[in-house]
Amino acid sequence: MFADLTPLRTSADYRRLWIGSTVSWTGQAMTALAVSLQVYDITGSSLAVGLVGLFTLVPLVAFGLYGGAIADTLDRRKVGLYSSAGLCALSFALAAAALAGFHRVWLLYGVVALQSMCGALNSPARSAMIPRLLPPEQLPAANALNSVTLTTGTTVGPMLGGVLVGLWGYQSAYVIDAVAFTAALYAMWRLPPMRPEAAERPDDGPGTGTAAPGAAGRRRRASVMDGLRFLATRPNLRMTFFTDLCAMVFAHPRSLFPAVAVVWYGGDARTAGLLAAAPAVGALLGGVFSGWQGRIRRHGLAIVLSVAAWGTAIAVFGLTRNLWLGVFFLALAGCSDMISMVFRNTMLQTATPDAMRGRLQGVFIVVVAGGPRLGDFLAGAVGQAVSPGVAIVGGGTLCVVTVGLLVTRWRAFLRYDARAPEA
């Protein structure tokens, strides 16, 4: 039942990449909190703090698709190395400005936008590397370990950031983040060259996707539109995105937590923080107890059941008025989302040819980044217009119903077998 550590034991390259990602992701979460605190300290405005998210989201969406195209054109190791170096340099820039007493909101906005751009270049390249480092049967375990990295960063990083800022100022969080990036830089530097496998073209030689002699010289830049056209012809891959959008757009009540904490539970900001942390804790526990996932072959069925479990848990949370029962169902929802993410990532990695993996990972980033933001807006709007309870219960129910309708339309998704992956 515990997390399968086989990928860490069998591949030194993956082990270094995982450790480097875990350390650097925690550092980035520290910096994200420190930037928000610094913006509020300078302006005293919650709106100014909210704009940090906007300056992060826009470059992430805008460069997510193009970052995937770059990862399908250039050596992915170099893309990951250079983008990690950029993130490291930007953290040092924040530290230098804080040490110099140069407190300007426009500088913080500009740096977080550039960090988001570098992250949009880094993530597709790094994700597309993993199927080249591990055999297919180890990918579910690797994606479960990656979920541990994500949830550890989002839970531990902000806590450490708050302690460091309180003790030694903003510059301490920024400096430690920059130093932490050396782990990611070292992991990327140790990797072998990892150019995308050339897709077979009409004038290339026969074979199973290997270009004819001289084809490398004819390699053209990977097109974003080619990636989208490829996705349009692959119903199973499209379903992985549709199911995630159902969960994140219809049943993502995070923006209602402050109101729920006060109105339902008579709490305060600490109560809202507990509600916000519960899904991450559930996801972390799901990653720790993920050993069984490597034995699952019906990945499409697992995704559908996980998303339905997410929607059901959110709907039941909307019916509870006991704080700890509500926290339990939010943690259950977070665990379900982690399971869905593992199998969605695995399908994306195994059912996509190497020449397209970067671009499909770019689409994945846009969906993962944009879906929760749309969900926050929808939940907040319905909660304001009607009530938080209607928004949460209705959203969870709509998530389950919509997933059921999608499965009715694309039944083959339920029959997807990891032993014979079909996009």
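Residues numbered from 1 in each chain as written. Predicted model: local features only at pLDDT ≥ 70, side-chain atom pairs only at ≥ 80, totals over all residues. Heavy atoms only, no water.

1. Considerations on the packing of helix 8 (residues 224-232) against helix 14 (residues 354-385)
Okay, so step 1: Helix 14 packs onto helix 8 with a crossing angle of 80° between their chain directions and a minimal axis gap of 9 Å. If you check the angle between helix 8 and helix 14, you find them roughly perpendicular. Counted together, Val224, Asp226, Gly227, Leu228, Phe230 and Leu231 of helix 8 and Met356, Arg359, Leu360 and Val363 of helix 14 form the full contact between these two elements.
Okay, so step 2: Of the residues that constitute the contact of helix 8 with helix 14, the class distribution is seven nonpolar, one polar and two charged. (Axes fitted to C-alpha atoms, helices over the stretch in contact; angles between N-to-C directions. Helix = DSSP H or I, 4+ residues; strand = E, 2+ residues; numbered from the N terminus. Parallel < 35°, antiparallel > 145°, perpendicular 65-115°, else oblique. Contact = heavy atoms within 4.5 Å. Nonpolar A, V, L, I, M, F, W, Y, C, P; charged D, E, K, R; others polar.)

2. What to know about the packing of helix 5 (residues 105-133) against helix 14
Okay, so step 1: Contact geometry of helix 5 with helix 14 gives a least axis separation of 8 Å together with a crossing angle of 135°. For the element pair helix 5 / helix 14, the angle class is oblique. The two elements helix 5 and helix 14 cross, and the hand of that crossing is right-handed. Where helix 5 abuts helix 14, its residues Ala120, Ser123, Pro124, Ser127, Ala128, Pro131 and Arg132 lie against Asp354, Arg357, Gly358, Gln361, Gly362 and Ile365.
Okay, so step 2: The class makeup of the residues in the contact of helix 5 with helix 14 is five nonpolar, five polar and three charged. (Left-handed = near helix turned anticlockwise from the far one by under 90°.)

3. With respect to the side chain of Arg344
Okay, so step 1: Checked against the element boundaries, Arg344 lands in helix 13 (residues 323-350).
Okay, so step 2: Among residues more than four places away in sequence, those in contact with Arg344 are Thr240, Thr243, Asp244, Ile303, Asp337 and Phe364.

4. Points about the environment of Arg411
Okay, so step 1: Tracing the sequence through the fold places Arg411 in the segment after helix 15 (388-409).
Okay, so step 2: For the pair formed by Arg411 and Arg104, sequence separation is 307 residues and the distance between their alpha carbons is 54 Å.

5. Focus: the packing of aromatic side chains
Okay, so step 1: Throughout the structure, instances matching the rule amount to eight aromatic pairs.
Okay, so step 2: Ring geometry for Phe102 versus Trp106: centroids 6.0 Å apart, planes at 85°, classification edge-to-face.
Okay, so step 3: Chaining the aromatic ring pairs together yields one cluster made of Phe257, Trp264, Tyr265 and Phe317.
Okay, so step 4: Cation over ring: Arg104 sits above Phe102, and NZ or CZ is 4.8 Å from the ring centre.
Okay, so step 5: A cation over a ring is seen here: Arg321 above Trp264, with NZ or CZ 3.8 Å from the ring centre. (Phe/Tyr/Trp six-rings, centres within 6.5 Å; stacked < 30°, edge-to-face > 60°. Lys NZ or Arg CZ within 6 Å of the ring centre and 35° of its normal.)

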